[in-house]
Amino acid sequence: MILLKNISYLDIEEEKIKENMDILIEDNLIKKIGKDIKSNRAEVIDGRERLAVPAYTNGHTHLGMTMMRNLADDLDLDTWLNKKIWPVEDKLTDEDIYWASMLSIVENIKSGVSTVYDMYYSMDRVSEAVIESGTRGVLTRGMMDISGGGDERIDELMELYKNYNNAGNGRVKIVPAPHSIYTCSTEYLKKLINIAESFDGVINIHLSETKKEVSDCLKEHLMTPAMYLDSIGMLDLKVIAAHCVHLTDEEINLISKKDVFPIYNPSSNLKLGSGFAPIDKMIKSNIKIGIGTDGSSSNNNQDLVEEMHIGSIVNKAVTLDPNAVPAIEILKMATVNGGALTGFNNGVIRENALADIAIYDLNSIGFTPKNNLISALCYSSNSNYILDLIVDGKIVMKNREVLTLDEEKIKVKVRELTEKLLNR
Ligand SMILES: N[C@@H](CCSC[C@H]1O[C@@H](n2cnc3c(=O)[nH]cnc32)[C@H](O)[C@@H]1O)C(=O)O
Ligand SMILES: [Zn+2]
(Lines give C-alpha, C1' and ligand atoms only; values in the text may rest on other atoms or scores of the structure.)
(Ligands and ions follow the chains in the order given, each with its own letter.)
Protein backbone atom coordinates (compact mmCIF):
# COMPACT_ATOMS: atom_id res chain seq x y z
CA MET A 1 0.00 0.00 0.00
CA ILE A 2 1.18 3.49 -0.84
CA LEU A 3 -0.37 6.75 0.34
CA LEU A 4 0.48 9.92 -1.58
CA LYS A 5 -0.21 12.68 0.92
CA ASN A 6 -1.10 16.31 0.10
CA ILE A 7 -0.21 15.98 -3.56
CA SER A 8 -1.37 17.93 -6.62
CA TYR A 9 -2.53 15.76 -9.49
CA LEU A 10 -3.63 16.03 -13.09
CA ASP A 11 -7.26 14.99 -13.54
CA ILE A 12 -6.99 14.47 -17.28
CA GLU A 13 -10.70 13.82 -17.79
CA GLU A 14 -11.70 17.07 -16.09
CA GLU A 15 -8.68 18.74 -17.71
CA LYS A 16 -7.53 20.33 -14.49
CA ILE A 17 -5.01 20.14 -11.69
CA LYS A 18 -6.41 19.23 -8.28
CA GLU A 19 -4.38 20.45 -5.32
CA ASN A 20 -3.59 19.09 -1.92
CA MET A 21 -5.18 15.66 -2.30
CA ASP A 22 -4.44 12.21 -0.89
CA ILE A 23 -4.22 9.18 -3.17
CA LEU A 24 -4.31 5.69 -1.67
CA ILE A 25 -2.91 2.81 -3.68
CA GLU A 26 -3.79 -0.73 -2.69
CA ASP A 27 -2.38 -3.72 -4.56
CA ASN A 28 -2.19 -2.54 -8.15
CA LEU A 29 -5.14 -0.12 -8.07
CA ILE A 30 -5.88 3.45 -7.09
CA LYS A 31 -8.19 2.69 -4.21
CA LYS A 32 -9.24 6.10 -2.97
CA ILE A 33 -8.73 9.78 -3.78
CA GLY A 34 -9.75 12.46 -1.28
CA LYS A 35 -8.80 14.66 1.63
CA ASP A 36 -7.33 13.41 4.91
CA ILE A 37 -7.13 9.75 3.97
CA LYS A 38 -5.59 7.78 6.80
CA SER A 39 -3.87 4.41 6.71
CA ASN A 40 -1.49 2.94 9.21
CA ARG A 41 -0.35 0.19 6.86
CA ALA A 42 0.61 2.28 3.84
CA GLU A 43 4.03 3.62 2.93
CA VAL A 44 3.47 7.38 2.99
CA ILE A 45 4.99 9.60 0.31
CA ASP A 46 5.01 13.31 1.08
CA GLY A 47 3.30 14.95 -1.89
CA ARG A 48 3.97 18.58 -1.04
CA GLU A 49 5.82 20.25 -3.95
CA ARG A 50 4.96 17.23 -6.08
CA LEU A 51 2.66 16.79 -9.08
CA ALA A 52 1.22 13.36 -9.92
CA VAL A 53 0.21 12.61 -13.50
CA PRO A 54 -1.10 9.40 -15.05
CA ALA A 55 2.06 7.55 -16.14
CA TYR A 56 2.58 7.91 -19.88
CA THR A 57 2.04 5.49 -22.75
CA ASN A 58 4.71 5.47 -25.45
CA GLY A 59 2.34 4.65 -28.30
CA HIS A 60 4.91 3.48 -30.85
CA THR A 61 8.46 2.32 -30.44
CA HIS A 62 11.01 -0.32 -31.34
CA LEU A 63 12.72 -1.00 -28.01
CA GLY A 64 15.25 -3.35 -29.55
CA MET A 65 16.78 -0.69 -31.83
CA THR A 66 18.99 1.03 -29.24
CA MET A 67 22.18 -0.44 -30.62
CA MET A 68 21.55 1.43 -33.85
CA ARG A 69 21.27 4.77 -32.06
CA ASN A 70 23.29 7.39 -33.99
CA LEU A 71 24.40 4.76 -36.45
CA ALA A 72 22.44 5.83 -39.53
CA ASP A 73 21.40 9.46 -39.50
CA ASP A 74 20.36 12.10 -42.01
CA LEU A 75 18.75 9.62 -44.39
CA ASP A 76 15.19 9.19 -45.68
CA LEU A 77 13.13 6.20 -44.47
CA ASP A 78 13.63 4.06 -47.56
CA THR A 79 17.43 4.46 -47.63
CA TRP A 80 17.68 4.25 -43.85
CA LEU A 81 15.79 0.93 -43.71
CA ASN A 82 17.14 -0.78 -46.80
CA LYS A 83 20.76 0.35 -46.81
CA LYS A 84 21.50 0.74 -43.12
CA ILE A 85 19.05 -0.76 -40.66
CA TRP A 86 17.92 -4.03 -42.19
CA PRO A 87 21.49 -5.21 -42.92
CA VAL A 88 22.37 -4.65 -39.24
CA GLU A 89 19.11 -6.22 -38.04
CA ASP A 90 20.07 -9.35 -39.98
CA LYS A 91 22.97 -9.73 -37.54
CA LEU A 92 21.13 -8.92 -34.31
CA THR A 93 20.86 -11.83 -31.88
CA ASP A 94 18.07 -12.51 -29.38
CA GLU A 95 20.51 -11.52 -26.66
CA ASP A 96 21.23 -8.17 -28.40
CA ILE A 97 17.53 -7.40 -28.64
CA TYR A 98 17.00 -8.30 -24.99
CA TRP A 99 19.70 -5.92 -23.70
CA ALA A 100 18.85 -3.18 -26.20
CA SER A 101 15.24 -3.40 -24.99
CA MET A 102 16.36 -3.27 -21.36
CA LEU A 103 18.15 0.01 -22.03
CA SER A 104 15.14 1.40 -23.86
CA ILE A 105 12.88 0.43 -20.98
CA VAL A 106 15.14 2.27 -18.52
CA GLU A 107 14.96 5.32 -20.78
CA ASN A 108 11.17 5.04 -21.02
CA ILE A 109 10.83 4.73 -17.23
CA LYS A 110 12.96 7.84 -16.81
CA SER A 111 10.52 9.86 -18.89
CA GLY A 112 7.50 8.72 -16.89
CA VAL A 113 6.38 5.93 -19.23
CA SER A 114 4.63 2.95 -17.64
CA THR A 115 3.49 1.39 -20.90
CA VAL A 116 5.13 0.87 -24.27
CA TYR A 117 3.54 -0.15 -27.56
CA ASP A 118 6.45 -1.96 -29.14
CA MET A 119 6.89 -3.49 -32.59
CA TYR A 120 9.92 -5.72 -33.15
CA TYR A 121 11.12 -9.31 -33.24
CA SER A 122 12.55 -11.75 -30.65
CA MET A 123 9.48 -10.61 -28.76
CA ASP A 124 9.74 -13.48 -26.28
CA ARG A 125 12.92 -11.84 -24.98
CA VAL A 126 11.32 -8.39 -25.11
CA SER A 127 8.44 -9.79 -23.06
CA GLU A 128 10.93 -11.06 -20.47
CA ALA A 129 12.56 -7.63 -20.33
CA VAL A 130 9.23 -5.87 -19.80
CA ILE A 131 8.16 -8.36 -17.15
CA GLU A 132 11.46 -7.97 -15.24
CA SER A 133 11.22 -4.17 -15.36
CA GLY A 134 7.81 -4.10 -13.69
CA THR A 135 6.36 -2.00 -16.53
CA ARG A 136 3.68 -2.80 -19.11
CA GLY A 137 3.86 -3.48 -22.80
CA VAL A 138 1.69 -4.23 -25.76
CA LEU A 139 4.31 -6.22 -27.61
CA THR A 140 3.70 -6.63 -31.28
CA ARG A 141 5.63 -8.93 -33.58
CA GLY A 142 6.60 -7.07 -36.77
CA MET A 143 5.55 -9.26 -39.69
CA MET A 144 6.61 -9.14 -43.33
CA ASP A 145 6.72 -11.52 -46.29
CA ILE A 146 8.27 -9.56 -49.17
CA SER A 147 11.54 -11.41 -48.92
CA GLY A 148 10.07 -14.73 -47.78
CA GLY A 149 9.70 -16.24 -44.34
CA GLY A 150 6.09 -15.09 -43.88
CA ASP A 151 4.82 -18.43 -42.58
CA GLU A 152 7.73 -18.92 -40.16
CA ARG A 153 6.92 -15.53 -38.65
CA ILE A 154 3.29 -16.61 -38.25
CA ASP A 155 4.37 -19.77 -36.40
CA GLU A 156 6.48 -17.61 -34.11
CA LEU A 157 3.60 -15.20 -33.50
CA MET A 158 1.24 -18.05 -32.52
CA GLU A 159 3.79 -19.41 -30.06
CA LEU A 160 4.39 -15.93 -28.66
CA TYR A 161 0.69 -15.33 -28.07
CA LYS A 162 0.33 -18.68 -26.36
CA ASN A 163 3.30 -18.12 -24.05
CA TYR A 164 3.16 -14.41 -23.27
CA ASN A 165 -0.28 -12.89 -23.81
CA ASN A 166 -1.39 -11.63 -20.36
CA ALA A 167 1.92 -12.70 -18.81
CA GLY A 168 3.52 -10.78 -15.93
CA ASN A 169 0.33 -10.36 -13.92
CA GLY A 170 -1.45 -9.12 -17.07
CA ARG A 171 1.22 -6.52 -17.84
CA VAL A 172 2.05 -7.99 -21.27
CA LYS A 173 -0.24 -8.25 -24.27
CA ILE A 174 0.69 -9.75 -27.62
CA VAL A 175 -0.65 -8.27 -30.86
CA PRO A 176 0.12 -9.06 -34.53
CA ALA A 177 1.84 -6.27 -36.48
CA PRO A 178 2.10 -6.38 -40.24
CA HIS A 179 5.08 -4.05 -40.61
CA SER A 180 3.59 -2.01 -43.47
CA ILE A 181 1.76 -2.22 -46.77
CA TYR A 182 5.10 -2.12 -48.63
CA THR A 183 6.58 -5.14 -46.82
CA CYS A 184 3.47 -7.37 -46.76
CA SER A 185 1.57 -8.84 -49.70
CA THR A 186 -2.21 -8.45 -49.78
CA GLU A 187 -2.62 -12.18 -49.10
CA TYR A 188 -0.35 -11.95 -46.07
CA LEU A 189 -2.19 -8.89 -44.71
CA LYS A 190 -5.46 -10.84 -45.01
CA LYS A 191 -3.98 -13.79 -43.12
CA LEU A 192 -2.83 -11.46 -40.36
CA ILE A 193 -6.26 -9.81 -40.17
CA ASN A 194 -7.75 -13.26 -39.55
CA ILE A 195 -5.18 -14.04 -36.89
CA ALA A 196 -5.80 -10.69 -35.19
CA GLU A 197 -9.52 -11.49 -35.11
CA SER A 198 -8.78 -14.83 -33.47
CA PHE A 199 -6.59 -13.07 -30.86
CA ASP A 200 -8.08 -9.92 -29.32
CA GLY A 201 -9.25 -8.03 -32.41
CA VAL A 202 -6.28 -5.65 -32.41
CA ILE A 203 -3.62 -5.02 -35.06
CA ASN A 204 -0.61 -2.68 -35.31
CA ILE A 205 0.92 -1.28 -38.51
CA HIS A 206 3.06 1.56 -39.90
CA LEU A 207 0.69 3.59 -42.07
CA SER A 208 1.12 6.38 -44.59
CA GLU A 209 4.52 7.35 -43.30
CA THR A 210 6.11 8.74 -46.46
CA LYS A 211 5.05 10.17 -49.80
CA LYS A 212 6.70 7.19 -51.46
CA GLU A 213 4.45 4.77 -49.56
CA VAL A 214 1.40 6.69 -50.80
CA SER A 215 2.50 6.98 -54.44
CA ASP A 216 3.55 3.31 -54.62
CA CYS A 217 0.19 2.32 -53.13
CA LEU A 218 -1.69 4.45 -55.64
CA LYS A 219 0.24 2.78 -58.47
CA GLU A 220 -0.24 -0.76 -57.19
CA HIS A 221 -3.72 -0.65 -55.65
CA LEU A 222 -5.21 2.53 -57.19
CA MET A 223 -6.06 3.68 -53.67
CA THR A 224 -4.39 5.59 -50.86
CA PRO A 225 -3.00 3.41 -48.01
CA ALA A 226 -5.86 3.72 -45.48
CA MET A 227 -8.47 3.14 -48.22
CA TYR A 228 -6.54 0.07 -49.31
CA LEU A 229 -6.46 -1.32 -45.76
CA ASP A 230 -10.18 -0.67 -45.46
CA SER A 231 -10.81 -2.48 -48.75
CA ILE A 232 -9.26 -5.65 -47.32
CA GLY A 233 -11.12 -5.41 -44.01
CA MET A 234 -8.35 -4.28 -41.68
CA LEU A 235 -10.17 -1.20 -40.48
CA ASP A 236 -12.91 -3.32 -38.94
CA LEU A 237 -10.38 -4.25 -36.26
CA LYS A 238 -8.97 -1.98 -33.58
CA VAL A 239 -5.99 -0.55 -35.46
CA ILE A 240 -2.96 1.12 -33.95
CA ALA A 241 -1.52 3.00 -36.92
CA ALA A 242 1.93 4.50 -36.49
CA HIS A 243 2.73 7.78 -38.26
CA CYS A 244 -0.30 8.61 -40.50
CA VAL A 245 1.71 11.50 -41.91
CA HIS A 246 0.16 11.70 -45.36
CA LEU A 247 -3.51 10.92 -44.69
CA THR A 248 -5.92 12.60 -47.10
CA ASP A 249 -9.09 14.33 -45.89
CA GLU A 250 -11.03 11.32 -47.22
CA GLU A 251 -8.88 8.99 -45.11
CA ILE A 252 -9.25 11.19 -42.01
CA ASN A 253 -12.99 11.05 -42.46
CA LEU A 254 -12.90 7.28 -42.83
CA ILE A 255 -10.68 6.79 -39.78
CA SER A 256 -12.91 9.03 -37.66
CA LYS A 257 -15.68 6.45 -38.12
CA LYS A 258 -13.47 3.49 -37.19
CA ASP A 259 -11.63 2.22 -34.14
CA VAL A 260 -8.29 3.50 -35.45
CA PHE A 261 -5.70 5.20 -33.27
CA PRO A 262 -3.08 7.11 -35.26
CA ILE A 263 0.19 7.42 -33.40
CA TYR A 264 2.00 10.70 -33.70
CA ASN A 265 5.80 10.35 -33.84
CA PRO A 266 6.94 13.92 -34.44
CA SER A 267 10.70 13.50 -33.86
CA SER A 268 11.00 10.51 -36.15
CA ASN A 269 8.92 12.13 -38.88
CA LEU A 270 10.94 15.32 -38.65
CA LYS A 271 14.29 13.58 -38.54
CA LEU A 272 13.67 11.17 -41.43
CA GLY A 273 12.19 14.09 -43.38
CA SER A 274 8.96 12.12 -43.74
CA GLY A 275 6.69 15.11 -43.22
CA PHE A 276 4.21 16.19 -40.65
CA ALA A 277 1.03 14.41 -39.58
CA PRO A 278 -2.23 16.41 -39.83
CA ILE A 279 -2.71 16.24 -36.07
CA ASP A 280 -4.86 19.32 -35.76
CA LYS A 281 -7.29 18.11 -38.44
CA MET A 282 -7.49 14.69 -36.79
CA ILE A 283 -8.26 16.18 -33.39
CA LYS A 284 -10.98 18.32 -34.96
CA SER A 285 -12.45 15.12 -36.46
CA ASN A 286 -12.60 13.60 -32.95
CA ILE A 287 -9.96 10.99 -33.70
CA LYS A 288 -8.14 9.70 -30.64
CA ILE A 289 -4.43 10.01 -31.22
CA GLY A 290 -1.55 8.46 -29.30
CA ILE A 291 2.01 9.75 -29.15
CA GLY A 292 5.23 7.79 -29.43
CA THR A 293 8.97 8.11 -29.75
CA ASP A 294 9.53 5.49 -32.47
CA GLY A 295 12.84 3.61 -32.17
CA SER A 296 16.10 5.12 -30.93
CA SER A 297 17.61 4.94 -34.38
CA SER A 298 15.20 7.46 -35.88
CA ASN A 299 14.49 9.78 -32.93
CA ASN A 300 17.24 9.25 -31.46
CA ASN A 301 15.98 8.68 -27.92
CA GLN A 302 13.07 7.32 -25.88
CA ASP A 303 12.16 10.54 -24.12
CA LEU A 304 8.39 10.90 -24.25
CA VAL A 305 8.42 14.25 -22.46
CA GLU A 306 10.64 15.68 -25.18
CA GLU A 307 8.29 14.17 -27.75
CA MET A 308 5.32 15.92 -26.15
CA HIS A 309 7.16 19.22 -26.19
CA ILE A 310 8.31 18.99 -29.81
CA GLY A 311 4.95 17.59 -30.92
CA SER A 312 3.04 20.51 -29.47
CA ILE A 313 5.13 23.42 -30.68
CA VAL A 314 5.93 22.17 -34.17
CA ASN A 315 2.21 21.74 -34.86
CA LYS A 316 1.63 25.41 -34.32
CA ALA A 317 4.34 26.37 -36.80
CA VAL A 318 3.23 23.89 -39.44
CA THR A 319 -0.39 25.05 -39.31
CA LEU A 320 0.56 28.73 -38.77
CA ASP A 321 -1.90 28.60 -35.88
CA PRO A 322 -0.61 29.03 -32.32
CA ASN A 323 -3.89 27.66 -31.04
CA ALA A 324 -3.39 24.32 -32.82
CA VAL A 325 -2.93 21.34 -30.47
CA PRO A 326 -2.90 22.97 -27.04
CA ALA A 327 -0.94 21.38 -24.18
CA ILE A 328 -3.95 19.50 -22.81
CA GLU A 329 -4.42 17.66 -26.15
CA ILE A 330 -0.82 16.47 -26.08
CA LEU A 331 -1.27 15.35 -22.47
CA LYS A 332 -4.37 13.38 -23.44
CA MET A 333 -2.40 11.58 -26.16
CA ALA A 334 0.20 10.45 -23.64
CA THR A 335 -2.29 9.49 -20.90
CA VAL A 336 -5.99 8.79 -21.33
CA ASN A 337 -5.69 7.97 -25.04
CA GLY A 338 -2.74 5.76 -24.19
CA GLY A 339 -4.95 3.72 -21.88
CA ALA A 340 -7.64 3.52 -24.57
CA LEU A 341 -5.28 2.39 -27.29
CA THR A 342 -3.49 -0.27 -25.23
CA GLY A 343 -6.64 -1.46 -23.47
CA PHE A 344 -4.94 -1.24 -20.08
CA ASN A 345 -7.12 0.38 -17.44
CA ASN A 346 -4.56 3.14 -16.90
CA GLY A 347 -3.80 6.63 -18.22
CA VAL A 348 -6.07 8.32 -15.65
CA ILE A 349 -5.78 9.08 -11.95
CA ARG A 350 -9.19 7.86 -10.89
CA GLU A 351 -10.46 5.43 -8.26
CA ASN A 352 -10.27 1.82 -9.48
CA ALA A 353 -7.86 2.60 -12.31
CA LEU A 354 -4.52 0.81 -12.37
CA ALA A 355 -1.98 2.56 -10.15
CA ASP A 356 0.40 3.85 -12.85
CA ILE A 357 1.54 7.29 -11.73
CA ALA A 358 4.51 9.55 -12.51
CA ILE A 359 5.51 12.13 -9.94
CA TYR A 360 7.10 15.46 -10.93
CA ASP A 361 9.16 17.79 -8.75
CA LEU A 362 7.25 21.08 -8.51
CA ASN A 363 10.32 22.68 -7.00
CA SER A 364 12.09 22.39 -10.36
CA ILE A 365 12.91 25.40 -12.52
CA GLY A 366 10.43 24.58 -15.28
CA PHE A 367 7.55 24.58 -12.80
CA THR A 368 8.58 27.93 -11.31
CA PRO A 369 6.55 30.08 -11.05
CA LYS A 370 3.38 27.95 -10.93
CA ASN A 371 1.36 30.00 -13.40
CA ASN A 372 -0.14 27.07 -15.29
CA LEU A 373 0.89 23.51 -14.48
CA ILE A 374 -0.78 22.02 -17.56
CA SER A 375 1.29 24.35 -19.74
CA ALA A 376 4.36 23.53 -17.68
CA LEU A 377 3.95 19.78 -18.28
CA CYS A 378 4.09 20.36 -22.01
CA TYR A 379 6.00 23.58 -22.68
CA SER A 380 8.57 24.03 -19.89
CA SER A 381 9.17 20.57 -18.58
CA ASN A 382 11.72 17.87 -19.15
CA SER A 383 11.97 14.29 -17.99
CA ASN A 384 14.58 15.08 -15.35
CA TYR A 385 11.82 16.67 -13.32
CA ILE A 386 10.12 13.27 -12.99
CA LEU A 387 11.36 11.84 -9.70
CA ASP A 388 9.27 8.74 -9.10
CA LEU A 389 7.31 6.27 -11.18
CA ILE A 390 4.72 3.87 -9.85
CA VAL A 391 3.56 1.03 -12.09
CA ASP A 392 0.98 -1.58 -11.12
CA GLY A 393 1.05 -0.22 -7.57
CA LYS A 394 4.83 -0.67 -7.17
CA ILE A 395 7.57 1.92 -7.10
CA VAL A 396 9.67 1.31 -10.20
CA MET A 397 11.74 4.53 -10.00
CA LYS A 398 12.52 6.48 -6.83
CA ASN A 399 14.36 9.81 -6.97
CA ARG A 400 15.34 8.99 -10.58
CA GLU A 401 16.90 5.68 -9.64
CA VAL A 402 15.32 2.73 -11.43
CA LEU A 403 14.77 0.12 -8.71
CA THR A 404 13.78 -2.83 -10.86
CA LEU A 405 16.70 -2.88 -13.31
CA ASP A 406 20.46 -2.34 -13.00
CA GLU A 407 21.02 0.68 -15.26
CA GLU A 408 24.84 0.63 -15.05
CA LYS A 409 25.08 -3.07 -15.87
CA ILE A 410 22.69 -2.61 -18.80
CA LYS A 411 24.77 0.23 -20.27
CA VAL A 412 27.97 -1.81 -20.03
CA LYS A 413 26.24 -4.77 -21.71
CA VAL A 414 24.85 -2.62 -24.53
CA ARG A 415 28.27 -1.07 -25.22
CA GLU A 416 29.94 -4.49 -25.30
CA LEU A 417 27.30 -6.14 -27.45
CA THR A 418 27.17 -3.20 -29.89
CA GLU A 419 30.90 -3.46 -30.48
CA LYS A 420 30.55 -7.17 -31.16
CA LEU A 421 27.57 -6.59 -33.43
CA LEU A 422 29.35 -4.02 -35.56
CA ASN A 423 32.38 -6.29 -35.96
CA ARG A 424 30.35 -9.36 -36.96
N1 LIG B 1 12.71 -7.34 -39.62
C2 LIG B 1 11.95 -8.21 -38.73
C3 LIG B 1 10.56 -7.74 -38.40
C4 LIG B 1 10.27 -6.29 -38.40
S5 LIG B 1 10.13 -5.62 -36.82
C6 LIG B 1 9.84 -3.91 -37.09
C7 LIG B 1 10.69 -3.25 -38.13
O8 LIG B 1 10.33 -1.89 -38.23
C9 LIG B 1 11.47 -1.16 -38.62
N10 LIG B 1 11.23 0.26 -38.37
C11 LIG B 1 11.66 1.04 -37.37
N12 LIG B 1 11.19 2.29 -37.49
C13 LIG B 1 10.44 2.30 -38.61
C14 LIG B 1 9.69 3.31 -39.27
O15 LIG B 1 9.61 4.48 -38.86
N16 LIG B 1 9.05 2.93 -40.39
C17 LIG B 1 9.11 1.68 -40.89
N18 LIG B 1 9.82 0.72 -40.30
C19 LIG B 1 10.46 1.02 -39.18
C20 LIG B 1 12.55 -1.78 -37.82
O21 LIG B 1 13.82 -1.49 -38.31
C22 LIG B 1 12.19 -3.26 -37.90
O23 LIG B 1 12.80 -3.88 -38.98
C24 LIG B 1 11.92 -9.60 -39.30
O25 LIG B 1 12.73 -9.90 -40.17
O26 LIG B 1 11.12 -10.43 -38.91
ZN1 LIG C 1 8.11 2.40 -36.30
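All values reported here derive from a predicted model rather than from experimental measurement.

A word on the environment of Gly 347
So, step 1. Among the structural elements, Gly 347 can be located in the loop between helix H14 (336–342) and strand S14 (357–361).
So, step 2. Linking Gly 347 and Thr 335, residues twelve residues apart in sequence, is a C-alpha distance of 4.2 Å.

Here's the deal with helix H4 (residues 150–164)
So, step 1. Compared with an ideal rise of 1.5 Å per residue, which puts 15 residues at 21 Å, H4 spans 21 Å between its outermost C-alpha atoms and is within 8% of the ideal.
So, step 2. Of the residues making up H4, those classed as buried are Gly 150, Ile 154, Leu 157, Leu 160, Tyr 161 and Tyr 164. Summarising the axial view, the buried residues of H4 lie within an arc of 125 degrees, below the 170-degree limit, and thus occupy one face. Structural note: H4 exposes Glu 152, Asp 155 and Lys 162 on the side pointing more than 90 degrees away from its buried face.
So, step 3. Packed against the buried residues of H4 are helix H3 (123–133), strand S8 (136–143), helix H5 (167–170), strand S9 (172–178) and helix H6 (186–198).
So, step 4. Asn 166 sits one or two positions beyond H4 and adopts a positive phi of about 70 degrees.

Here we look at the nonpolar core
So, step 1. Tyr 56, Leu 229 and Tyr 360 are the most contacted members of the largest nonpolar core, which has 121 residues in total.
So, step 2. Residue contributions to this core peak at nine residues, all from helix H2 (residues 94–110).
So, step 3. For this core, the two domains that each supply at least three residues are domain 1 (2–54 + 345–402) and domain 2 (56–342).
So, step 4. The residues contacting Tyr 360, other than those within four sequence positions of it, are Glu 49, Arg 50, Leu 51, Val 53, Tyr 56, Val 305, Phe 367, Leu 377, Ser 381, Asn 382, Tyr 385 and Ile 386.
So, step 5. If you look at the next biggest cluster of nonpolar residues, it comprises 17 residues, including Tyr 9, Met 21, Ile 23 and Ile 349.

Side note on the packing of aromatic side chains
So, step 1. Inspection of every chain in the model, using the stated rule, returns six aromatic pairs.
So, step 2. Centroid distance Tyr 264 to Phe 276: 6.0 Å. Interplanar angle 85 degrees. Geometry classified as edge-to-face. Here Tyr 264, found in strand S12 (residues 260–264), pairs with Phe 276, found in the loop between helix H10 (266–271) and helix H11 (279–284); they are twelve residues apart in sequence, far enough to count as distant.
So, step 3. Among the residues examined, Phe 276 registers a relative accessible area of 17% and is labelled buried.
So, step 4. Relative to Phe 367, the ring of Tyr 360 has its centre 5.6 Å away and its plane inclined at 65 degrees; by these criteria the two rings are edge-to-face. Both residues of the pair, Tyr 360 and Phe 367, count as buried.
So, step 5. Three or more aromatic residues joined by ring pairs form one cluster here, namely Tyr 360, Phe 367 and Tyr 385.
So, step 6. Note that Arg 136 overlies the ring of Phe 344, its terminal NZ or CZ placed 5.3 Å from the centroid.

How each quantity is defined
Residues numbered from 1 in each chain as written. Chains lettered and ligands numbered in written order. Predicted model: local features only at pLDDT ≥ 70, side-chain atom pairs only at ≥ 80, totals over all residues. Heavy atoms only, no water. Helix = DSSP H or I, 4+ residues; strand = E, 2+ residues; numbered from the N terminus. Expected span 1.5 Å × (residues − 1). Buried < 20%, exposed > 50% of the residue type's maximum accessible area, 1.4 Å probe, protein only. Arc of directions from axis to C-beta. Contact = heavy atoms within 4.5 Å. Core = buried A, V, L, I, M, F, W, Y, C linked by side-chain atoms within 4.5 Å. Domains from an automatic or database assignment. Phe/Tyr/Trp six-rings, centres within 6.5 Å; stacked < 30°, edge-to-face > 60°. Lys NZ or Arg CZ within 6 Å of the ring centre and 35° of its normal.

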